[in-house]
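These are the residues of each chain, in order.
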Amino acid sequence: MQLPPERYNVTTMLDANIDAGRADKVAIYCDDERVSYAQLLANSCRAGNALAELGVGREQRVLMVMSDTPHFAAVFFGAMRLGAVPVPVNPRYRPADYRFFARDSDAQVLVVDEELVSTVSEALDGLPSVPPIVSSGDASLPALKLDDLLATKPDALEPAPTHRDDMAFWLYSSGSTGNPKGVVHLHRDIPYTCESYARHVWQIGEEDIVFSRVLFHAYGLGNALTFPIWAGASTVLDPRRPTPANIMETVERFRPTIFGIVPTLYNAILNAPDCDEADLSSVRLTISAAE
């Protein structure tokens with residue numbers, strides 16, 4: 001494949017979908033919510049502008065303690081568009097883990113699911129400098145509200161003139177040999193994986209609907225966000241705990257053509273009651289990895 005240009009910001013994949021005539025196409029399905037490509041670009045720009053107003057600059061980290069939602073996509077793309085570095089982590093970790101992630105990443109802002117604002121606030125208590133916390137919902141605790149920020153910020157933001165070898169995002173390792181390690185991913189890494197894997201193995205096209213879990217993990221982030229958005233396809237996001245019943249309900253409701261989870265979840269589904277009654281007729285490709 002060709003290298004991206006030397007000056008390259010990966011969020012230009014959003015603009016490319018608009019240029020390709022997909023402004024009104026659904027980019028994200030999430031329960032009853034439908035987010036078009038035009039809305040995804042606008043919300044990502046708003047998120048980037050909000051982060052800039054909170055003092056986030058080039059290469060500074062934004063810790064994301066968020067489930068699989070359209071808000072995750074907006075903050076993830078918005079931070080990278082700004083030239084900042086989103087750092088998604090597992091929203092089911094312990095308070096001590098969040099304290100470690102915040103200190104290790106030197107996060108300038110944390111964006112947190114509503115139900116975790118209290119947990120994360122307590123985890124950061126006593127740090128020499130506590131970064132602002134933005135709630136993705138309507139937390140009653142003293143936290144900024146993401147919806148309020150998005151509602152008041154401009155829906156346009158020029159992509160930062162990042163280099164293709166600049167940091168785009170971090171993902172933490174599992175920590176099986178000590179503290180988790182922040183693994184750096186570059187702006188060029190996303191098109192590499194899209195071209196080498198999504199195009200040639202999945203043969204993904206804009207007509208596909210993808211369902212996978214979870215966005216804080218490299219496997220889920222590619223499957224459920226970067227691959228479908230790069231291809232102009234649609235993705236299905238589900239913030240609920242990934243149980244066999246929830247997964248099968250989502251498959252039957254949204255009729256994905258590409259479906260990817262981890263082996264443990266496939267095994268759980270195969271051993272679940274009424275597994276044989278699940279309607280998977282829409283699925284043309286199932287994928288498995290990450291264990």
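Use the structure listed above.
Residues numbered from 1 in each chain as written. Predicted model: local features only at pLDDT ≥ 70, side-chain atom pairs only at ≥ 80, totals over all residues. Heavy atoms only, no water.

Considering the overall build of the protein chain
Cut-off, in case you're wondering: The way it works is that DSSP assigns letters per residue, a run of H or I at least four long becomes a helix, a run of E at least two long becomes a strand, and they are numbered from the N terminus. Each residue is assigned to one of three classes by its accessible area relative to the maximum for its type, calculated with a 1.4 Å probe on protein chains only: buried under 20%, partly exposed between the two thresholds, exposed over 50%. Note on contacts: a residue pair is in contact if any heavy atoms of the two residues lie within 4.5 Å. Residue exposure ignores everything except the shown protein chains as possible cover, and the areas themselves are Shrake-Rupley values with a 1.4 Å probe.
Of the regular secondary structure elements, the protein chain holds ten helices and 13 strands. Principal axes of the C-alpha set define a box for the protein chain whose edges measure 55 × 40 × 40 Å. With 291 residues in all, the protein chain has 55% of them scored as buried. A fraction of 70% describes how many contacts in the protein chain between residues 6 or more apart in sequence connect residues 24 or more apart. When the accessible surface of the protein chain is totalled, it reaches about 12900 Å², and 49% of it is carbon and sulfur.

A closer look at the sheet that holds strand 5 (residues 109-112)
Put simply, the test is: The pairing criterion for strands is at least two bridges between them, as found by DSSP. Lines fitted to C-alpha atoms define the axes, with helix axes restricted to the stretch in contact, and inter-axis angles between N-to-C directions lie between 0 and 180 degrees.
One open sheet accounts for five strands, arranged 4-3-5-6-7; its pairing is parallel. Two strands close off the open sheet at either side, each with one partner strand: strand 4 (85-89) and strand 7 (144-145). Lying on the sheet, helix 4 (residues 95-105) is in contact with strand 3 (61-65) and strand 4; it crosses strand 3 at an angle near 165°.

Notes on the nonpolar core
This is how the line gets drawn: Among buried residues, those of type Ala, Val, Leu, Ile, Met, Phe, Trp, Tyr and Cys that are joined through side-chain atoms within 4.5 Å constitute a nonpolar core.
In terms of nonpolar packing, the biggest core is built from 72 residues, with L40, F76, F77, L225, I229, I247 and F259 touching the most fellow members. Ranked by size, the runner-up nonpolar core spans 22 residues in total, among them L63, V112, L116 and W170.

Describing the packing of helix 2 (residues 37-53) against helix 3 (residues 70-82)
Here is the rule: When describing relative orientation, an angle under 35 degrees is termed roughly parallel and one over 145 degrees roughly antiparallel, while 65 to 115 degrees is termed roughly perpendicular and anything else oblique. Two helices cross in a left-handed way if the nearer one is turned anticlockwise from the farther one by less than a right angle. They cross in a right-handed way if the turn is clockwise. Each residue is assigned to one class: nonpolar for Ala, Val, Leu, Ile, Met, Phe, Trp, Tyr, Cys and Pro, charged for Asp, Glu, Lys and Arg, and polar for all the others, Gly among them.
It is at 7 Å that the axes of helix 2 and helix 3 come closest, and there the two elements cross at 60°. By the angle class used here, helix 2 and helix 3 are oblique. The element helix 2 and its partner helix 3 pack so that their crossing is right-handed. Along its contact with helix 2, which presents L40, L41, N43, S44, C45, A47, G48, L51 and A52, the element helix 3 presents A73, A74, V75, F77, G78, A79, R81 and L82. When grouped by side-chain class, the residues that make up the contact of helix 2 with helix 3 number twelve nonpolar, four polar and one charged.

Remarks on the state of the cysteines
To keep things clear, this is the line we draw: The definition used for a disulfide is geometric: two cysteine sulfur atoms within 2.5 Å.
A full pass over the atoms with the stated rule returns zero disulfides. For C194, which is in no disulfide, the shortest distance to another cysteine sulfur is to C45 and amounts to 19 Å.

Brief notes about the pattern of salt bridges
Heads up, the condition is: What counts as a salt bridge is simple: a side-chain nitrogen of Lys or Arg found within 4 Å of a carboxyl oxygen of Asp or Glu.
Enumeration over the complete set of coordinates arrives at 16 salt bridges. D165 is paired through a salt bridge with R188; the nearest N and O atoms lie 2.4 Å apart. Highlighted residues: D165 in the loop between helix 6 (146-152) and strand 8 (167-172) and R188 in the loop between strand 9 (182-186) and helix 7 (189-202), separated in sequence by 23 residues. Residue D165 is classed as partly exposed on the basis of its relative accessible area, which comes to 38%. Note on R188: relative accessible area 22%, which makes it partly exposed. The salt bridge involving R240 is made with D238; its shortest N-O contact spans 3.0 Å. You can call R240 partly exposed: its relative accessible area is 31%. Taken together, the salt bridges that share partners define one network made up of D31, D32 and R253.

With respect to empty space enclosed by the protein
Inclusion rule: Cavities and pockets are defined on a 1 Å grid built over the protein atoms alone: a cavity is a set of grid points where a 1.4 Å probe fits but cannot escape, while a pocket is an open set with protein on both sides within 12 Å along at least five of seven lines, and lining residues are those with an atom within 4 Å of any such point. Grid points are joined across faces, edges and corners, and a volume is the space filled by probe spheres set on the points.
Inspection of the entire model under this criterion finds two cavities of 30 Å³ or more. In this structure, the largest cavity encloses a volume near 50 Å³. Secondary structure elements with two or more residues in the lining of the largest cavity: helix 2 and helix 6. A class-by-class count of the residues in the lining of the largest cavity yields nine nonpolar, no polar and no charged. Approximately 40 Å³ is the volume attributed to the second largest cavity. Around the second largest cavity, the lining residues are S67, D68, P91, R92, R213, V214, F216 and P239. Broken down by class, the residue content of the lining of the second largest cavity amounts to four nonpolar, one polar and three charged.

Focus on the sheet that holds strand 13 (residues 285-288)
Spatially, 2-1-11-10-12-13 is the arrangement adopted by the six strands of the open sheet, whose pairing is mixed. Edge strands, defined here as strands with exactly one partner in the open sheet, are strand 2 (33-36) and strand 13. Pairwise comparison of adjacent strand axes, ignoring direction, gives a mean angle of 20° for this sheet. In this structure, strand 1 (residues 26-30) lies alongside strand 2, joined through four bridges in antiparallel fashion. Counted as the bridge partner of V26 is S36 from strand 2. Relative to the sheet, helix 8 (residues 218-231) contacts strand 1, strand 10 (209-212), strand 11 (234-236), strand 12 (258-261) and strand 13, its axis offset from that of strand 10 by approximately 165°.

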